[in-house]
Amino acid sequence: MSNAKYHLSPEQLAAAEKKRLRRQAKRSLTRENPSEPSKQPQFLARPWVSLSDSCKDAPGDYTVKVMTWNILAQCLMRSELFPTSGKARKAAERGRMIYDELVFYDADVMCLQEADRQDKLFPILKDAGYFYTYAAGPLKPHGCVIAYKQDMFRIVGEKVIQYDNLEVRENVTISSQARIASSHRTTNIGSLVALERVGTNRAGYIVATTHLFWHPAYTYERARQAGLLLREVIGWRDHMQLCDWPCIISGAADFNFSPEDPAYSLLVGDPLSAEQKHSLDVSRVVHVSIDSSVPKSSTTDGEEGEEGDPDRIIRDSRVAEVSDGLLSDSELLDLFRHPLRSAYDEGQRMRKAVAKPSDVVTFGDRIPLSTARLGANEPMWTSYTHYWKTTLDYIFFLDSPRTHTKVIGYLQPHHTENVAQGLPQLQICGSDHFSLCAKLMTSISPCE
């Protein structure tokens, strides 16, 4: 479902502006009259960390507040996976928390993953002043949403990419599957939009969100998908002749890898370590979804999993052969020619330099990383449940040759003590993932 084909008339724009001003006045009235009854948030609100004294765009600069959040599809909610969540597993209870949190932080752009129950979600977004696009993989009941304030942006293009079908090679002498170089058919997708800022001379952002393959053991496949997303974002920006626009890739968004994963290092431009190369090597397999001759329940050599965890064992697969065309390390590197920057890794690094150590807790505080590598200042957790606790979600960005972007604020991640019982939890969070939100300021250099 998409709003891309609809453009507001001047009368509709005026009505939207009037509605926005009414909402702003209502918020101001509540602040000025604290004795007035106000609706309490249904979730645990977190503080905003400001890294800049600037509140308004300077001449030639503009800001955008971006949220990313895997909101946990209700169709994936099972009591055996979330045994400590109690009533927070129920759709009505979760919905109240999720919809409240979505609008509470007043993001300009929201990237959502695992979005289902669209009949409930979309009216909430519309009433809050957002237009949106929605995209899902084949036969999937949940998908990715990019929502944007209708009084701030207008959409000038959108694209959906299906990782299962994207070719990485143009060699016509090899099989189509070798040109795709996939190890597993996953039905995962990436969603891209071009958002032009209202009232500017063609200034805007390319925004992309995705939900990469979830299985922990398929390191190669996630790296391949991440590289294809980056390639397609840059290629589409150039095709749209929007080469001066910075790119925001969030979700993303639920990338399903941690900062020590090869895909993270490839995205931010760090060299692959020996351990990362090994994890790529042992995951270069071909699943039965690619090769139907693979016997079911077969396990590849060298992958026994961790303590018998079935989610860390590669099953129904065989070791890849040269004819399968899976990418080598050097071929993977070719997909990552444009290093990304992470809003939280940069923002929390700046905050940590001036704050008390207890005020900023990071991924590096629980898993030491070399000081020469990026990622240590990502949130300590972005997903915390009874069974899994990890960092999977990011807000990445990439400048154009004429722009310079800096992080000027971010939403503080949850502290461990607040989520220790395992998400979702009533009055805490309606998803098993934290929402992340960052404010970016972009300066544009004049044309030469």
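I will try to describe carefully the structure that is included in this document.

Calculation notes
Residues numbered from 1 in each chain as written. Predicted model: local features only at pLDDT ≥ 70, side-chain atom pairs only at ≥ 80, totals over all residues. Heavy atoms only, no water. Helix = DSSP H or I, 4+ residues; strand = E, 2+ residues; numbered from the N terminus. Buried < 20%, exposed > 50% of the residue type's maximum accessible area, 1.4 Å probe, protein only. Areas by Shrake-Rupley, 256 points an atom, 1.4 Å probe, with all protein chains shown as cover. Expected span 1.5 Å × (residues − 1). Pairing = 2+ DSSP bridges. Contact = heavy atoms within 4.5 Å. Axes fitted to C-alpha atoms, helices over the stretch in contact; angles between N-to-C directions. Polar contact = N/O pair within 3.5 Å; in protein donor to acceptor, adjacent residues only side chain to side chain. Phe/Tyr/Trp six-rings, centres within 6.5 Å; stacked < 30°, edge-to-face > 60°. Salt bridge = Lys/Arg side-chain N within 4 Å of Asp/Glu carboxyl O.

### Some details on the overall build of the protein chain
Consideration 1: Regarding its fold elements, the protein chain presents eleven helices and 17 strands.
Consideration 2: Split into buried and exposed, the 448 residues of the protein chain put 53% on the buried side.
Consideration 3: Summed over its atoms, the accessible surface of the protein chain is roughly 20,500 Å², and 52% of this surface lies on carbon and sulfur atoms.

### Considering helix 5 (residues 219-239)
Consideration 1: An ideal rise of 1.5 Å per residue puts 30 Å on 21 residues; helix 5 measures up with 30 Å between its terminal C-alpha atoms.
Consideration 2: With 17 of 21 residues buried, helix 5 is to be regarded as a mostly interior element.
Consideration 3: Gln241 occupies a position one or two residues after helix 5 and carries a positive phi of about 55°.

### Description of the sheet that holds strand 6 (residues 153-162)
Consideration 1: Ordered by their spatial adjacency, six strands build an open sheet running 6-7-8-9-15-12, and the pairing between neighbours is mixed. Edge positions in the open sheet fall to strand 6 and strand 12 (341-342), since each of these has one partner strand only.
Consideration 2: Pairing of strand 8 (residues 204-210) with strand 9 (residues 247-250) involves four bridges; the strand directions are parallel. By the bridge assignment for strand 9, Val207 is matched with Ile248.
Consideration 3: Along the sheet, helix 5 contacts strand 6, strand 7 (189-197), strand 8, strand 9 and strand 15 (395-398); its crossing angle with strand 7, the most-contacted strand, is approximately 35°.

### Some remarks on the environment of Arg222
Consideration 1: As for its placement among the helices and strands, Arg222 is situated in helix 5.
Consideration 2: Along the primary structure Arg222 and His184 are separated by 38 residues, whereas in three dimensions their C-alpha atoms are 10.0 Å apart.
Consideration 3: Only 3.2 Å separates the side chain of Arg222 from the backbone oxygen of Phe213, close enough to count as a polar contact.
Consideration 4: A polar contact of 2.4 Å, which involves the side chain of Arg222, links it to the backbone oxygen of His215.

### A few points about unusual backbone geometry
Consideration 1: Note the cis peptide between Leu423 and Pro424, where omega equals -5°.
Consideration 2: Assignment of secondary structure puts Pro424 in the loop between helix 11 (416-419) and strand 17 (436-444).
Consideration 3: Within the chain, Leu72 stands out as a residue other than glycine whose phi angle is a positive 60°.
Consideration 4: In this fold, Leu72 is placed in the loop between strand 2 (61-70) and helix 2 (91-104).
Consideration 5: Look at Leu139: it is not a glycine, yet its phi comes out positive at around 65°.
Consideration 6: Of note, Leu139 is situated in the loop between strand 4 (130-135) and strand 5 (143-149).
Consideration 7: Given a relative accessible area of 90%, Leu139 falls into the exposed group.

### Quick word on the side chain of Ser400
Consideration 1: In this structure, Ser400 sits in the loop between strand 15 and strand 16 (403-411).
Consideration 2: The class for Ser400 is buried, based on a relative accessible area of 4%.
Consideration 3: Among the polar contacts listed, one links the side chain of Ser400 to the backbone oxygen of Asp244, at a separation of 2.9 Å.

### Here we look at the packing of aromatic side chains
Consideration 1: Summed over all chains, the structure comprises 19 aromatic pairs.
Consideration 2: Considering the side-chain rings of Phe122 and Tyr134, the 5.9 Å spacing of their centres and the 70° angle between planes classify their relative orientation as edge-to-face. Pair noted here: Phe122 is in helix 3 (residues 118-127) and Tyr134 is in strand 4, with a separation of twelve residues, a long-range link. Like Phe122, the residue Tyr134 is buried in the burial classification.
Consideration 3: Arranged with centres 5.4 Å apart and planes meeting at 65°, the rings of Phe213 and Tyr218 form a pair that is edge-to-face. Both residues of the pair, Phe213 and Tyr218, belong to the buried class.

### Observations regarding the sheet that holds strand 2
Consideration 1: Reading across from one edge, 1-16-17-2-3-5-4 is the order of the seven strands in this open sheet, with mixed pairing throughout. If you trace the sheet from one side to the other, it starts and ends with strand 1 (48-50) and strand 4, each paired once. Averaged over all pairs of adjacent strands, the angle between their axes in this sheet comes to 25°, without regard to strand direction.
Consideration 2: Bridge count between strand 2 and strand 3 (residues 109-115): five bridges; the pairing is parallel. Across the sheet, residue Asn70 finds its bridge partner in strand 3, namely Gln113.

### What to know about the pattern of salt bridges
Consideration 1: This structure, assessed with the given rule, holds 22 salt bridges.
Consideration 2: Here Arg318 ties to Asp324 by a salt bridge, and the two come within 2.8 Å at their closest N and O atoms.
Consideration 3: With a shortest N-O distance of 3.2 Å, Asp399 and Arg341 are connected by a salt bridge. Of this pair, Asp399 sits in the loop between strand 15 and strand 16 while Arg341 sits in strand 12, and the two are 58 residues apart along the sequence.
Consideration 4: Take Asp399: its relative accessible area is 18%, and that puts it in the buried class.
Consideration 5: On the accessibility criterion, Arg341 (25% relative accessible area) is partly exposed.
Consideration 6: When salt bridges that share partners are traced, they join Asp106, Asp108 and Lys149 into one network.

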